[in-house]
Amino acid sequence: MSESSLAEMLRSRGLRLTAQRQLILEAVYELGHATPEQVHSAVREVAAGVNITTIYRTLELLEELGLVTHTHLSHGSPTYHRAGADQHVHLVCRSCGTVTELDPALLEPLARQLEERQGFSVDIGHVALFGVCRQCGERE
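Residues numbered from 1 in each chain as written. Predicted model: local features only at pLDDT ≥ 70, side-chain atom pairs only at ≥ 80, totals over all residues. Heavy atoms only, no water.

Undergrad: Any chance you could explain the environment of A34 here in plain terms?
TA: By secondary structure assignment, the location of A34 is in the loop between α2 (19-31) and α3 (36-44). Judged by relative accessible area, which is 0%, A34 ranks as buried. Remark: the alpha-carbon pair of A34 and H81, spanning 47 residues in sequence, is separated by 6.7 Å. (Helix = DSSP H or I, 4+ residues; strand = E, 2+ residues; numbered from the N terminus. Buried < 20%, exposed > 50% of the residue type's maximum accessible area, 1.4 Å probe, protein only.)

Undergrad: Explain the packing of α2 against helix α4 (residues 52-64) to me, please; I cannot follow it from the model alone.
TA: Working note: a packed helix pair is described by the angle between its axes plus the distance between those axes. The interhelical angle for the contact between α2 and α4, taken along N-to-C directions, is 75°, at an axis separation of 10 Å. Accordingly, the angle class assigned to the pair α2 and α4 is roughly perpendicular. Each of Q20, R21, I24, L25 and V28 in α2 lies in contact with α4, whose residues at this interface are T54, I55, T58, L59, L61 and L62. Of the residues assigned to the contact of α2 with α4, the class counts are seven nonpolar, three polar and one charged. (Axes fitted to C-alpha atoms, helices over the stretch in contact; angles between N-to-C directions. Parallel < 35°, antiparallel > 145°, perpendicular 65-115°, else oblique. Contact = heavy atoms within 4.5 Å. Nonpolar A, V, L, I, M, F, W, Y, C, P; charged D, E, K, R; others polar.)

Undergrad: I'm lost on the sheet that holds strand β4 (residues 99-102) in this one. Help?
TA: Hydrogen bonds between backbone atoms are what pair the strands of a sheet, whose relative direction is either parallel or antiparallel. Overall, mixed pairing links the three strands, which are arranged β4-β3-β5 in an open sheet. Edge positions in the sheet fall to β4 and β5 (128-131), since each of these pairs with one other strand and no more. This sheet shows a mean twist of 25° between the axes of neighbouring strands, independent of strand direction. Where strand β3 (residues 89-93) lies against β4, four bridges are found, and the strand directions are antiparallel. Bridged to V92 within β4 is V99. (Pairing = 2+ DSSP bridges.)

All quantities given are derived from atomic positions and should not be read as evidence of function.
In structure tokens:
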């Protein structure tokens, strides 16, 4: 997202583009999947004065704007990533912690069945499946 587009989105909500907001958005986009703590570490390399509270508040704002989304990939903090057309299911290995992205089309039949039978609409972009990856499974 360009700086001017972000600035326009913020202005439309009565907010302004700050260097911190820009840095936080760029960190999420560059890291791919990142917890607020990981975003904080990346941002502090450029701007040491940014505190963790600012990171959390800005991530919430960016999610409200539809620029990032989050999912829970562990018992800890949520993991943020770019919102948009690249929605994916997360496969999380309980052994090594590796996160792999899966095409959401594989879950569409299940999502359709849940909609038809239960009236439940699945947000596939927030789905995380936990298990053991191939490499860890072969070691066991």
